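# Chain and residue survey
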Amino acid sequence: QVQLVESGGGLVQAGGSLRLSCAAAGRTFSTMAWFRQAPGKEREFVATIGWSGSTAYADSVKGRFTISRDSAKSTVYLQMNSLKPDDTAIYYCAASPKIRPVSEWPYWGQGTQVTVSS
């Protein structure tokens, strides 16, 4: 069963923008987040948003990426601006029923590829 479904990935030039979406299948989660994994690297945290709308970002994306939720809190978005080649990775949506801070993420999407060309 796929709990989360990502969309919006693709190929973009450096300096461009993409918006990723992650839809929860028939339910909401207290905390949602985005992670990414580049080839040969460990999966890393990108951004998270809590039930109240509070957010946190990795230093590498702060000021360029924005995480948000819709009014029903069933869909999370990641607006990515000023993209760099180092942002190239598979981006994964994650969710937890617990309130932030969250150390474990029991629900994951299938991932969506983001490729930034130089």
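As shown above, the structure is provided for reference.
I will try to describe carefully the structure that is included in this document.

Definitions and limits used
- Residues numbered from 1 in each chain as written.
- Predicted model: local features only at pLDDT ≥ 70, side-chain atom pairs only at ≥ 80, totals over all residues.
- Heavy atoms only, no water.
- Salt bridge = Lys/Arg side-chain N within 4 Å of Asp/Glu carboxyl O.
- Helix = DSSP H or I, 4+ residues; strand = E, 2+ residues; numbered from the N terminus.
- Buried < 20%, exposed > 50% of the residue type's maximum accessible area, 1.4 Å probe, protein only.
- Pairing = 2+ DSSP bridges.
- Axes fitted to C-alpha atoms, helices over the stretch in contact; angles between N-to-C directions.

### Considering the pattern of salt bridges
For the coordinates displayed, the defined rule picks out 4 salt bridges. Notably, a salt bridge pairs Arg36 with Glu44, separated by 2.7 Å at the nearest N-O pair. In this structure, the salt-bridge partner of Asp87 is Arg64, at a minimum N-O distance of 2.8 Å. Here the residue Asp87 occupies a position in the loop between β8 (75-80) and β9 (89-96), and Arg64 occupies one in the loop between β6 (55-57) and β7 (65-69), the gap between them amounting to 23 residues. Residues Asp87 and Arg64 agree in their burial class; the two are buried. Among the ionic contacts, a cluster of salt bridges with common partners joins Arg36, Glu44, Arg64 and Asp87.

### Description of the sheet that holds strand β1 (residues 4-7)
The sheet built from 4 strands is open, its strands ordered β1-β3-β8-β7 with antiparallel pairing. A single partner strand is all that each edge strand has here, and the edge strands are β1 and β7. Adjacent strand axes in the sheet meet at a mean angle of 15 degrees, parallel and antiparallel pairs treated alike.

Any link to function would need more than the numbers given here.
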